[in-house]
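Spelled out from the first residue to the last, the chains are:
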Amino acid sequence: MTGKSVISNVSRSGVTTEEWNLPSHPADPAPSGRTTASAGPEAPPAPAVSPVDAKRDHRDAAPGSASAGHAFADLADYVAIPRLGGLALSPDGTRLVTSVSTLSADKKKYVTALWEIDPAGARSPRRLTRSAPGESQPVFLSDGGLLFTSKRPDPQVDDPDTDRPALWLLPDGAGEARQIAARPGGIGSVAAARDAAAIVFSSDVLPGAATSDEDKAKRTARKDAGVSAILHRSYPVRYWDHDIGPAQTRVFAADAVQQADERLDDPRDLTPTPEGRVGGDIVISPDGTLVAYGWDVDDEAGSRRATIVIADRATGDRRTVVDDAGFEYGQPAFSPDSSTLVCVRDTMPTWSDAPRTSLWQVDLATGDGRALASSFPGWPMHPTFSADGTAVFFLADEAGHAPVFRLDLTTDVVTRLTAHGAHSDLVVSRDGAHLYAMRTSYAQPATPVRLDPSTTDQEGATLSGPGDVGTLPGTVVEVSTHADDGTPLRAWLVLPDGASATAPAPLLLWIHGGPLSSWNAWSWRWNPWLLASQGYAVLLPDPALSTGYGQDFIDRGWGTWGDRPFTDLMSITDATCARDDIDDTRTAAMGGSFGGYMANWVATHTDRFKAIVTHASLWDLEGFSGTTDVAWYWQREFGDPLATKERYEANSPHLFVRDIRTPMLVVHGDKDYRVPIGEGLKLWWDLVRHQVDSSFLYFPDENHWVLTPGNAKVWYDTVRAFLAHHVLGEPWRQPDMV
């Protein structure tokens, strides 16, 4: 996915993962689905609700009561819900395969298995793989065989030290899966040619290792010597939640196996040795002759720039196809005849200009490039060609949704194909008759759908997949108003069962991360139904800097995080509090990452809320500027703090700590390298020394998201207890596990 969101918690185009989606277009680093909010999975959004001048006074009425008979009241039930992600379509179009994550036997982690879904919607889904380590990354070969990665042990190899993903093949039809490739650094991304017996994959290799045996020997020597040190000679040194190096990602190509006992033991290394770093997607042309992958190169002042290179799969010859100063490229897709490449092109943000995203097409024979859909107002992403090569399908955020769009390459006309929902994992059938995607909404997590390639504003056909959230404890409506500068604003509002004029619900303002993001997707980490089940109404607004409302909406908040985004949030909160089913005397605010920053800013600039929860949040912007894992990206917008201090001084919440009057719950994970733990520690100390009523929920082994089932339950249990105490006035209840 492309994106420039720097901090957040909900990524662009309905991808419910987190963010700071970097210019190098990394793969989503956390489990996710994609969604949108509406009154139901196929229903249009409710009409916008404007503010009213007055409402009946029911301040003393009980909040909407929690609903029984659903999976959101009991956190143990919630974390056990199966979670779908990704789609792969067989060459003959008869099989769809997805990954399904469920709790492990000991309930301490999630394990992913592969399931088959009937594209026609007639057969029930069936499970294809089953092992304790799990399986992921399904990819079909041209002959119908199914590739996947897994840490499952190979019964043919006695290697007790193997703890990294290997590449496995499940033959078309019947038969047992077998391991076909393993590397000391594991197998990363995998791709296969549509029309040829060709495979490409990535793997991490220690410097100087020319073969797999040499790589293994170097790893063993470091382990035996007790060495964990890494010598860096370039930036960055960390990424999200792990150290970079000493191994480097390399790209390998091989012919698909033909014999029952054949292995890919001698793949061809397509990665050059000059300075640079593999980044972003790795794709192979339909005819199997070319491989495209992201290549990050050094830019000025320690920053990096994302380019795309093409390698000849047979010879390893490599050339750069897109690399322009001031731009970054990612998400490449080959045309059906392997002659052209379409990718996402981002302008590099600067102090004065927010990034802009567009589609770019390159003729691989001449190297000539051209912009596509130049008048399209949104940020296109994840392009994929139509079966005949005359059109490109893509996704983009749009007003709380993430539709599928079709671009005619002859006329440059863009058509919206879906009316509602946030879509992802778009695949095209080989005959061109159908599109398949995952669609979500706040009424439904990721669900496979079948779409027509030419019908506008369609709902599509929902396909049967494993897992169901069952009954939801409320409804979703839409709220709208105008900012003080006249700009239209909108938000999703999740209302609990029982909320009414006679029983108004307490309100929780939930601020999305990013900041270049949108509340348009179901999130397992940030799920409003878990609070709605406790009787809260949850407001999910898109303030300035949100995607899906045109470039001007982003520009109006660029570099001024504490200004326009804050006033937008207060305006939409005012509009929501004017509803007679909302109790405006019992309100709270919450957010993570950029949303956590905004929660801190809210705490320092208003006392209208009774409680604030801030997760993985920015507090001291100047200190943060050099400790985040991608400091160069941050400083493009806020500047060098030694040279241009004005944005730090105007927007850093820590400078206003004396103004905090609201109880705060601070949450942070020690393995968070995007917003390092120092931000949480300094915030907590500043609250303590200024005698603010506050608590600190600390996770020594979690990253930006808090991913393990047990810790996720503790997270929500603590948030619920904190809100119940400060918003509902209930006695403090210490969560059982902390």
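Rules and cut-offs
- Residue numbering note: each chain is counted from 1, following its sequence as written.
- Reporting in this predicted model follows two pLDDT cut-offs: at least 70 for local features of residues, and 80 or more for side-chain atom pairs to be given and counted; totals over whole chains, interfaces and linings ignore these cut-offs and use all residues.
- In computing side-chain properties, one takes all heavy atoms of the structure into account and sets aside hydrogens as well as water.
- Secondary structure elements follow DSSP: runs of H or I no shorter than four residues count as helices, runs of E no shorter than two count as strands, and numbering proceeds from the N terminus.
- Relative accessibility under 20% of the residue-type maximum defines a buried residue, over 50% an exposed one, and the middle range a partly exposed one, all with a 1.4 Å probe and only protein chains included.
- Note on definitions: a residue-residue contact is assigned when non-hydrogen atoms from the two residues lie within 4.5 Å.
- By the convention used here, strands pair only if DSSP detects at least 2 bridges between them.
- Axis definition: a line fitted to C-alpha atoms, limited for helices to the stretch in contact. Angles are taken between N-to-C directions and run from 0 to 180 degrees.
- Under this scheme an angle from 65 to 115 degrees is roughly perpendicular, one under 35 degrees roughly parallel, and one over 145 degrees roughly antiparallel; angles in between are oblique.
- Put simply, Ala, Val, Leu, Ile, Met, Phe, Trp, Tyr, Cys and Pro go in the nonpolar bin, Asp, Glu, Lys and Arg in the charged bin, and everything else, Gly too, in the polar bin.
- The predictor attaches a confidence to each residue, and that confidence, scored 0 to 100, is pLDDT.
- Basic side-chain nitrogens of Lys or Arg form a salt bridge, by our definition, when they fall within 4 Å of a carboxyl oxygen of Asp or Glu.
- Any two of the Phe, Tyr and Trp rings considered here, Trp counted by its six-membered ring, make a pair once their centres fall within 6.5 Å; the pair's planes then place it as stacked at under 30 degrees, edge-to-face at over 60, or tilted in between.
- For a lysine, the NZ atom is tested; for an arginine, the CZ atom; a charge sits over a ring if that atom is within 6 Å of the ring centre and within 35 degrees of the ring normal.
- Pairing of N or O atoms within 3.5 Å defines a polar contact, subject to two protein rules: one partner must be a possible hydrogen donor and the other a possible acceptor, and residues neighboring in sequence count only if both atoms are side-chain atoms.

Draft legend 1. Here's a closer look at the overall build of the protein. A tally of helices and strands in the protein yields eleven helices and 39 strands. Here the protein holds 738 residues, and the buried ones make up 58% of them. Taking contacts inside the protein between residues at least 6 apart in sequence as the whole, the part at least 24 apart equals 60%.

Draft legend 2. Expanded view of the pairing of strand β6 (residues 135-140). Inspection of the sheet shows β6 paired to strand β7 (residues 146-150) by four bridges, in the antiparallel sense. Note that in β7 the partner of Val-139 across the bridge is Leu-147. Remark: five residues form the turn of the hairpin made by β6 and β7, two consecutive strands paired antiparallel; Gly-144 in that turn has positive phi of roughly 95°.

Draft legend 3. Seen up close, the packing of helix α5 (residues 564-577) against helix α6 (residues 594-605). At a minimum axis separation of 11 Å, α5 and α6 run at an interaxial angle of 75°. Classified by the angle between their axes, α5 and α6 sit roughly perpendicular to one another. Each of Pro-565, Phe-566, Leu-569 and Met-570 in α5 lies in contact with α6, whose residues at this interface are Met-598, Trp-601, Val-602 and His-605. Looking at side-chain class alone, the contact of α5 with α6 contains seven nonpolar, one polar and no charged residues.

Draft legend 4. Representation of the confidence of the model for the protein within the structure. Per-residue confidence for the protein gives a mean pLDDT of 90, with 90% of residues at or over 70. Low confidence marks residues 1-67, where pLDDT is under 50. Its contacts with residues over four positions away, or in another chain, come to 305 contacts.

Draft legend 5. Expanded view of the pattern of salt bridges. Across all of its chains, the model carries 35 salt bridges by this definition. Here Asp-686 ties to Lys-682 by a salt bridge, and the two come within 3.6 Å at their closest N and O atoms. Linking Asp-686 with Lys-682, this pair stays in helix α10 (residues 677-689), spanning four residues, or about one helical turn. One network of salt bridges, in which partners are shared, links Arg-95, Glu-116, Asp-118, Arg-123, Arg-126 and Asp-172.

Draft legend 6. How the structure looks around helix α8 (residues 631-638). In terms of burial, α8 is largely enclosed, as seven of its eight residues are buried. Taken residue by residue, α8 has Ala-631, Trp-632, Tyr-633, Trp-634, Arg-636, Glu-637 and Phe-638 as its buried positions. The elements touched by buried residues of α8 are β18 (304-312), β20 (327-334), α7 (621-627) and α9 (646-651). Once α8 ends, the next one or two residues include Gly-639, with phi positive near 85°.

Draft legend 7. Broad picture of the environment of Arg-406. Relative to the helices and strands, Arg-406 is located in strand β26 (residues 404-408). Judged by its relative accessible area of 23%, Arg-406 falls in the partly exposed class. A C-alpha to C-alpha distance of 6.6 Å links Arg-406 and Phe-394, two positions twelve residues apart in sequence. Apart from residues lying up to four places away in sequence, Arg-406 is in contact with Thr-390, Ala-391, Val-392, Phe-393, Val-413, Val-414, Thr-415, Leu-417 and Pro-453.

Draft legend 8. Quick peek at unusual backbone geometry. Of the consecutive residues Tyr-235 and Pro-236, the connecting peptide bond is found in the cis state with omega at 5°. Position of Pro-236 relative to the elements: it lies in the loop between α2 (212-224) and β12 (238-239). Backbone torsion omega between Gly-245 and Pro-246 reads 0°, so that peptide bond is classified as cis. Along the chain, Pro-246 turns up in the loop between β13 (242-243) and β14 (248-255). Phi is positive for Ala-373, close to 50°, though the residue is something other than glycine. Mapped onto the secondary structure, Ala-373 falls in the loop between β23 (369-372) and β24 (381-385). Exposure remark for Ala-373: the relative accessible area of 9% places this residue in the buried category.

Draft legend 9. View of the sheet that holds β14. Read from one edge to the other, the open sheet built from four strands follows the order β10-β11-β14-β15, with strand pairing classed as antiparallel. Either end of the sheet is taken by a strand with one partner, and the two such strands are β10 (190-192) and β15 (268-269). Of the strand pairs in this sheet, β10 and strand β11 (residues 198-205) are connected by three bridges, and their pairing is antiparallel. Across the sheet, Ala-191 pairs through a bridge with Val-200, a residue of β11.

Draft legend 10. Representation of the sheet that holds strand β28 (residues 422-428) in the model. The strand order β28-β29-β30-β31 describes an open sheet built from four strands, whose pairing is antiparallel. Every other strand in the sheet has two partners, leaving β28 and β31 (461-462) as the edge strands with one partner each.

Draft legend 11. Region of the structure containing the packing of aromatic side chains. In the structure shown here, the tally under the stated rule is 30 aromatic pairs. Ring plane angle 80° and centroid distance 6.4 Å describe the contact between Tyr-293 and Trp-295, whose orientation is recorded as edge-to-face. Judged by its relative accessible area of 0%, Tyr-293 falls in the buried class. Ring centres of Trp-601 and Phe-656 lie 5.4 Å apart, and the angle between their planes is 80°; on these two criteria the pair is classed as edge-to-face. On the criterion of sequence distance, the pair formed by Trp-601 in helix α6 and Phe-656 in the loop between α9 and β38 (664-669) is long-range, its members being 55 residues apart. The class of Trp-601 is buried, set by a relative accessible area of 3%. Chaining the aromatic ring pairs together yields one cluster made of Trp-561, Phe-594, Tyr-597, Trp-601, Phe-624, Trp-634, Phe-638, Tyr-648 and Phe-656. Between the NZ or CZ atom of Arg-525 and the centre of the ring of Trp-526, over which it lies, the distance is 5.5 Å.

Draft legend 12. Fine view of the side chain of Thr-604. For Thr-604, the position within the fold is in helix α6. One polar contact links Thr-604 to His-605, side chain to side chain, over a distance of 2.8 Å. Setting aside its immediate chain neighbours within four residues, Thr-604 contacts Trp-619, Pro-653, Phe-656, Val-657, Asp-659 and Ile-660.

Draft legend 13. Here's a closer look at the environment of Pro-171. Among the secondary structure elements, Pro-171 is positioned in the loop between β8 (166-170) and β9 (178-181). The exposure class assigned to Pro-171 is partly exposed, which follows from its relative accessible area of 30%. Pro-171 sits 89 residues away from Ala-260 along the chain, and the two C-alpha atoms are 9.4 Å apart. Residues within four places of Pro-171 in sequence aside, it is in contact with Gly-145 and Glu-176.

Draft legend 14. Focus on the environment of Pro-466. Along the chain, Pro-466 turns up in the loop between β31 and β32 (474-482). When its relative accessible area of 10% is taken as the criterion, Pro-466 is described as buried. Residue contacts for Pro-466: discarding those within four places in its chain leaves Leu-84, Val-100, Trp-115 and Pro-125.

Draft legend 15. Spotlight on the pairing of strand β37 (residues 611-615). Counting buried residues in β37 gives five out of five residues, a clear majority hidden from the surface. Burial along β37 is two-sided: the residues Ala-611, Val-613 and His-615 and Ile-612 and Thr-614 are all buried. In this structure, strand β36 (residues 582-592) lies alongside β37, joined through five bridges in parallel fashion. Its bridge partner being in β37, Ala-589 is matched across the sheet by Ile-612. Taken together, the four bridges between β37 and β38 define a ladder with parallel strand orientation. Looking at the pairing, His-615 lines up with Val-667 of β38.

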